[in-house]
Amino acid sequence: MQWLGTPYSWGGGGFNGPSLGIGSGSHTVGFDCSGLAQYAWYQAAGIRLPRVTDDQVKALAQVPAGAPLRAGDLLF
């Protein structure tokens, strides 16, 4: 809840919280979706996810089809 309302910043955010992004996010301190996922997983469980979504998909166990979703599950 601490970061609710934080701006979207393409390429922004990471393990330590919001940051300046890159490209169109270079003037905005905030998170993009993968940066927010990195931050949340690291803060909650000490797990360091890769930076980009494609690599995050490969790094995490997949939820079997039809299995109930749990808090913290990422949907790609």
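For the structure, see preceding data.
All values derive from a computational prediction rather than experimental measurement. (Residues numbered from 1 in each chain as written. Predicted model: local features only at pLDDT ≥ 70, side-chain atom pairs only at ≥ 80, totals over all residues. Heavy atoms only, no water.)

Asker: How do you make sense of the packing of aromatic side chains when you look at a structure like this?
Answerer: Both the distance between ring centres and the angle between the ring planes are used here to describe each pair of aromatic rings. Taken as a whole and judged by the stated rule, the model has four aromatic pairs. Note on Trp3 and Tyr39: the rings are 6.1 Å apart at their centroids and 85° apart in plane angle, and the pair reads as edge-to-face. Taken together, the positions of Trp3 in the segment before strand E1 (19-20) and Tyr39 in helix H1 (residues 33-45) put the pair 36 residues apart, joining distant regions of the chain. Judged by its relative accessible area of 13%, Tyr39 falls in the buried class. Judged by centre distance (5.4 Å) and plane angle (65°), the ring pair of Phe15 and Tyr42 falls under edge-to-face. In this pair, Phe15 sits in the segment before E1 while Tyr42 sits in helix H1, placing the two residues 27 residues apart along the sequence. By relative accessible area, Tyr42 is classed as partly exposed at 27%. Ring-pair connections join several aromatic residues into one group, and the members of that group are Trp3, Phe31 and Tyr39. Taking the ring centre of Phe15 as reference, the NZ or CZ of Arg48 above it sits at 4.2 Å. (Phe/Tyr/Trp six-rings, centres within 6.5 Å; stacked < 30°, edge-to-face > 60°. Helix = DSSP H or I, 4+ residues; strand = E, 2+ residues; numbered from the N terminus. Buried < 20%, exposed > 50% of the residue type's maximum accessible area, 1.4 Å probe, protein only. Lys NZ or Arg CZ within 6 Å of the ring centre and 35° of its normal.)

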